[in-house]
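Each chain is listed here by its residues.
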Amino acid sequence: VHWREGVGLVDAEDLDDVQCGAVAAAARRVAAAMPACAPRLLAHANAMRFLASTTTGDVVVRAVLDPKARAAACGEDAVRAMRAECEALAAAARLRGVLTAGLGESGAAGEHLVGHDHVVETYTLADGRRLSYEHVEGFFSNPSAAACTFTLDWLCARARELRARAAERGARPGALLELYCGGGNHTVALAPFFSRVTGVELHPRLVEAAARNVRRNAAANASLGAAATNVEVVAAPSAKFCKRVLATKGKCLQKRAPEREGEGDACAEEAYDTLLLDPPRAGLDALTARMATLFDVVLYVSCSPAHSLPRDLCVLCKTHEITRMCYIDHFPGSQHLETALMLERRRGRQVADADDVK
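This structure is a prediction, so every number in the text was calculated from the model and none was measured.

About the thresholds
Residues numbered from 1 in each chain as written. Predicted model: local features only at pLDDT ≥ 70, side-chain atom pairs only at ≥ 80, totals over all residues. Heavy atoms only, no water. Helix = DSSP H or I, 4+ residues; strand = E, 2+ residues; numbered from the N terminus. Buried < 20%, exposed > 50% of the residue type's maximum accessible area, 1.4 Å probe, protein only. Areas by Shrake-Rupley, 256 points an atom, 1.4 Å probe, with all protein chains shown as cover. Pairing = 2+ DSSP bridges. Axes fitted to C-alpha atoms, helices over the stretch in contact; angles between N-to-C directions. Contact = heavy atoms within 4.5 Å. 1 Å grid on protein atoms, 1.4 Å probe; cavity = no way out; pocket = protein on both sides within 12 Å on 5 of 7 lines; lining within 4 Å. Points joined across faces, edges and corners; volume = space filled by probe spheres on them. Nonpolar A, V, L, I, M, F, W, Y, C, P; charged D, E, K, R; others polar. Expected span 1.5 Å × (residues − 1). Arc of directions from axis to C-beta.

(A) How the structure looks around the overall build of the protein. Of regular secondary structure, the protein possesses twelve helices and 15 strands. Relative to its full complement of 358 residues, the protein shows a buried share of 50%. Carbon and sulfur atoms provide 52% of the accessible area of the protein, an area that totals close to 17,000 Å².

(B) Spatial organisation of unusual backbone geometry. In this structure, arginine 94 is a non-glycine residue whose phi angle is positive, near 55°. You can see arginine 94 is positioned in the loop between helix H4 (76-93) and strand E5 (97-101). Residue arginine 94 is classed as exposed on the basis of its relative accessible area, which comes to 57%. Here tyrosine 180, not a glycine, exhibits a phi torsion of approximately 60°, which is positive. Along the polypeptide, tyrosine 180 turns up in the loop between strand E9 (175-179) and helix H6 (185-190).

(C) Representation of the sheet that holds strand E6 (residues 111-115) within the structure. Taken in spatial order, the four strands line up as E3-E4-E5-E6 in an open sheet, and their pairing is mixed. Every interior strand has two partners, whereas the edge strands, strand E3 (45-52) and E6, have only one. Mean inter-strand twist for the sheet, computed between neighbouring axes without regard to direction, equals 15°. Examined bridge by bridge, strand E4 (residues 59-65) and E5 share five bridges and lie parallel to one another. Paired with valine 64 across the two strands is alanine 101, which belongs to E5. Against the sheet, helix H1 (residues 21-37) touches E3 and E4, its axis set at about 140° to E3.

(D) Just the environment of threonine 151, in detail. With respect to the helices and strands, the residue threonine 151 is situated in helix H5 (residues 145-168). Taking the C-alpha atoms as reference, threonine 151 lies 7.5 Å from isoleucine 328; in sequence the two are 177 residues apart.

(E) Broad picture of the layout of surface pockets. Size it by volume and the largest pocket reaches roughly 810 Å³. In this structure, the largest pocket is lined by 33 residues; those nearest its centre are Phe140, Tyr180, Cys181, Gly182 and Asp278. Counting only elements with at least two residues in the lining of the largest pocket, the list comes to strand E8 (130-136), H5, H6, strand E10 (197-201) and helix H7 (204-220). Here the element with the most residues in the lining of the largest pocket is E8; it accounts for three residues. The residue makeup of the lining of the largest pocket, split by class, is 16 nonpolar, eleven polar and six charged.

(F) Highlighting H4. Its 18 residues place the ends of H4 25 Å apart at the C-alpha level, agreeing with the 26 Å of an ideal helix rising 1.5 Å per residue. Within the sequence span of H4, burial applies to Ala78, Val79, Met82, Glu85, Cys86, Leu89, Ala90 and Ala93. When H4 is viewed along its axis, its buried side chains cluster within an angular range of 135° and face the same direction. Exposed and facing more than 90 degrees away from the buried side of H4 are Glu76, Asp77, Arg80 and Ala91. In the core, the buried residues of H4 are packed alongside H1, helix H2 (39-44), E3, E4, E5 and E6. Looking one or two residues past H4, arginine 94 carries a phi angle of roughly 55°, positive in sign.

Pasting the structure below:
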């Protein structure tokens with residue numbers, strides 16, 4: 001729902017073109033409730049952004065305030081009045097949360113939150129598990145529940161293969177390092193197949209969401225319950241984390257392994273042999289691409305198969321070969337296509353040649 005200067009709220013009929021039914025329905029509720037419940041917010045907002053779950057019906061709304069609104073709404077009394085309006089709007093429009101971007105406590109720059117800053121989405125996997133995730137407003141989340149479920153099923157099938165191979169060798173399952181883990185979508189689904197999982201994510205809010213998603217699903221799924229104790233999510237930039245891994249030749253990862261009672265040095269044998277990458281459209285930086293060659297298996301989910309993925313494969317395929325691959329249409333009707341690959345180390349190949357880490 002957008003505002004036009006001098007016009008006010010866009011007519012609800014314009015929402016007929018909105019493809020997502022959950023967003024369109026929520027937008028109509030907001031449009032109907034705002035004049036009575038939130039006149040101050042209506043006067044100062046430029047636009048309303050919606051995050052909606054198609055599986056649970058949860059909706060979070062972000063009101064984007066006009067920069068001039070800060071002067072008009074400055075002060076504790078004005079902020080309290082704005083908060084009361086947001087609370088009234090959330091109740092009337094049945095919203096899980098309302099955020100006001102551009103106005104924090106006491107009129108300071110920032111954001112104000114009423115309710116929750118996330119929606120909950122639920123996916124049922126092919127193996128029967130029902131997983132629930134918090135998706136935080138303002139960060140990327142998969143817009144297609146069906147495509148997300150397919151991706152999780154594909155990754156779990158690959159992890160199941162790796163676990164079966166380890167069992168055939170009489171070995172313990174290996175460990176998984178996941179970069180760009182976000183809110184832990186893949187982390188949670190894959191945890192039961194590995195001896196331990198370490199996720200790395202840059203933004204603290206997503207790290208917190210990932211930790212909550214692990215706890216949420218551990219309580220509801222017996223298969224994850226025990227594995228959850230071996231899941232760790234680290235707040236760090238990917239490049240900085242990878243630089244440390246390269247500088248220590250992977251030894252810093254072994255220090256992350258908790259020794260379990262009665263198992264002595266057995267945990268040391270559970271090497272981080274699998275790497276999961278789901279980077280932004282820009283793909284991998286040079287350090288991350290080089291670090292990836294340390295791992296026996298690389299699972300790579302790319303949202304740029306025509307640009308950054310071929311560049312990254314020029315590095316990865318010096319030491320690895322593609323053994324599994326699929327395409328996923330996350331954004332039907334657009335030019336964007338996601339690609340999921342499994343790469344395995346070629347026999348006798350070690351880390352790709354590169355300059356020393358600096």
